[in-house]
Amino acid sequence: MPELPEVETFARQIKPQVLNKKIVDFNVFEKGQRLIAPTSSDEFRNRLIGSRFLSLNRHGKFLILDLDNSWQIIAHLRMSGRFTITKAKPDKHVHNRLYVKFEDSTYLNFIDTRRFATFHLIADIKNSQSLNRLGLDALSGDWTQIRLCSVLQRHSKSIYKCLLDQSIISGIGNIYANEALFLSKINPDTAAQALSQASCARLLKNIIYILSTAINFKGTTLLDNSYIDIDGGTGEFSKLLNVYARANKQCKVCGAIIKRKKVSGRSVFYCPKCQH
DNA sequence: AGGGGTACCTGCGGGC
DNA sequence: TGCCCGCAGGTACCCC
């Protein structure tokens, strides 16, 4: 589920509820043990209880929480991770994986149906392999048309695969890759290095447009409701989707039938006429 | 380098 | 109704 806009929405909603408050309790439920591996829940408790989160940042789809004792938590929500804030201790049942309790008796809860998410506790962010291999964040102000072109010049693989490659540009997932390519009128199979300057320029403009618009709409919630923000709200960008999950429906621009195909195990949606 | 496949999990919806 | 199959927003790892 969560791509950059959904992770950013969580970050914005959580920040005012958790920063600079003393942590008074922390617990991992039985089925959440792998979530925090290789660190034990005892070590997590030792580092967290009595400490405070000083800042919360996002890089790509990662959340980075800085503690006042110089330790950090690097979280990735993967397919189904999400947060809630409650005034009562969360129930043990269903998909609750862990919680952090603050001095004002609010609880930050982490829920993850599919159990792919990871919370890494590390002493020095420079040693985080997962962060070190990330490319520039898709919404970083440092992206320019020239920069994107020169990065893509180095790759013979398809532009679709490049957009999903977090080491090239970080934060874009399957939904927004499909949507950005549609708006840019680029066929997903096009070799990255074959893109013209004009195509690169359109692509960069549309990536920024799609992601920032999706943030304004609090992300995309699909039919299965697996993404819900901390207030229980749904992401309304779903209404603006042009191609994702619209196989066999009419293109909103030209009326052609939207196609779906598999590329290394993932569904790609595109309009055969607009993205010839 | 890039292509393809699998694995990690759980739940849902479609088809028979 | 009930079961089996395919599918899902992500990423790491393997072999060719």
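As shown above, the structure is provided for reference.
Here's what I pulled together on the structure shown here. Remember, predicted model here, so these are calculated numbers, not experimental data.

Considerations on unusual backbone geometry
- Cis rather than trans, the peptide bond between Ala 37 and Pro 38 has omega equal to 5 degrees.
- Turning to its location among the elements, Pro 38 is positioned in the loop between helix H2 (33–36) and helix H3 (41–48).
- Unusually for a residue other than glycine, Ser 70 sits at a positive phi of about 80 degrees.
- With respect to the helices and strands, Ser 70 occurs in the loop between strand S3 (62–67) and strand S4 (72–76).

So, the pattern of salt bridges
- Within the structure shown, the criterion is met by 10 salt bridges.
- When the shortest N-O distance is used, the salt bridge between Glu 8 and Arg 12 registers 2.8 Å. Pair noted here: Glu 8 and Arg 12 are both in helix H1 (residues 4–18), with a separation of 4 residues, about one helical turn.
- Of the residues examined, Arg 12 reaches a relative accessible area of 51% and is grouped as exposed.
- Residue Lys 157 pairs with Asp 165 through a salt bridge whose shortest N-O separation is 2.8 Å.
- Relative accessible area serves as the criterion here: at 18%, Asp 165 is assigned to the buried category.

A word on empty space enclosed by the protein
- Within this structure, the stated rule accounts for 3 cavities of 30 Å³ or more.
- Put simply, the largest cavity is a space of about 70 Å³.
- Taken together, 13 residues line the largest cavity, and the ones lying closest to its centre are Phe 83, Leu 98, Val 100, Leu 108 and Phe 119.
- For the lining of the largest cavity, the elements supplying multiple residues, two or more each, are H3, strand S6 (96–102) and strand S7 (107–112).
- With 3 residues, the top contributor of residues to the lining of the largest cavity is S7.
- Among the residues making up the lining of the largest cavity, the classes are represented as 12 nonpolar, 1 polar and no charged.
- Empty space within the second largest cavity amounts to approximately 60 Å³.
- Here the lining of the second largest cavity is composed, by residue class, of 2 nonpolar, 1 polar and 5 charged.

Some remarks on the nonpolar core
- Grouped together as the largest cluster of nonpolar side chains are 44 residues, with contacts concentrated most on Leu 152, Ile 159, Leu 163, Ile 172, Tyr 176, Leu 203 and Ile 207.
- Put simply, the parts of the chain that give this core at least two residues each are helix H5 (145–153), helix H6 (159–164), helix H7 (174–183), helix H8 (197–216) and strand S10 (266–270).
- By residue number, the principal contributor to this core is H8, which donates 8 residues.
- Other than its neighbours up to four places away in sequence, Ile 159 contacts Leu 152, Leu 181, Ile 186, Asn 187, Pro 188, Thr 190, Ala 191, Ala 192, Leu 195 and Leu 203.

Quick notes on the packing of H7 against H8
- It is at 9 Å that the axes of H7 and H8 come closest, and there the two elements cross at 130 degrees. One finds that H7 runs oblique with respect to H8. Here H7 runs over H8; the crossing is right-handed. Touching Tyr 176, Glu 179, Ala 180, Leu 181 and Leu 183 of H7 are Leu 203, Asn 206, Ile 207, Tyr 209, Ile 210, Leu 211 and Ala 214, all from H8.

Focus on the side chain of Asn 178
- With respect to the helices and strands, Asn 178 occurs in helix H7.
- Here the side chain of Asn 178 touches Asn 174 through a polar contact of 2.6 Å, landing on its backbone oxygen.
- Excluding residues that lie within four positions of it along the chain, Asn 178 makes contacts with Tyr 160, Val 243, Tyr 244, Ser 267, Val 268 and Phe 269.

Details of H7
- By the criterion of burial, H7 is predominantly enclosed, with 9 of the 10 residues buried.
- By the burial criterion, the buried members of H7 are Asn 174, Ile 175, Tyr 176, Ala 177, Asn 178, Glu 179, Ala 180, Leu 181 and Phe 182.
- Taken together, the buried residues of H7 touch H1, H6, H8 and S10.
- Remark: Lys 185 follows H7 within two positions and exhibits a positive phi of approximately 55 degrees.

Quick look at the state of the cysteines
- Taken as a whole and judged by the stated rule, the model has 0 disulfides.
- The thiol sulfur of Cys 251 is not disulfide-bonded, and the nearest other cysteine sulfur, from Cys 271, lies at 3.8 Å.
- The exposure class of Cys 251 is buried, given its relative accessible area of 5%.

Thresholds applied
Residues numbered from 1 in each chain as written. Chains lettered and ligands numbered in written order. Predicted model: local features only at pLDDT ≥ 70, side-chain atom pairs only at ≥ 80, totals over all residues. Heavy atoms only, no water. Helix = DSSP H or I, 4+ residues; strand = E, 2+ residues; numbered from the N terminus. Salt bridge = Lys/Arg side-chain N within 4 Å of Asp/Glu carboxyl O. Buried < 20%, exposed > 50% of the residue type's maximum accessible area, 1.4 Å probe, protein only. 1 Å grid on protein atoms, 1.4 Å probe; cavity = no way out; pocket = protein on both sides within 12 Å on 5 of 7 lines; lining within 4 Å. Points joined across faces, edges and corners; volume = space filled by probe spheres on them. Nonpolar A, V, L, I, M, F, W, Y, C, P; charged D, E, K, R; others polar. Core = buried A, V, L, I, M, F, W, Y, C linked by side-chain atoms within 4.5 Å. Contact = heavy atoms within 4.5 Å. Axes fitted to C-alpha atoms, helices over the stretch in contact; angles between N-to-C directions. Parallel < 35°, antiparallel > 145°, perpendicular 65-115°, else oblique. Left-handed = near helix turned anticlockwise from the far one by under 90°. Polar contact = N/O pair within 3.5 Å; in protein donor to acceptor, adjacent residues only side chain to side chain. Disulfide = S-S within 2.5 Å.

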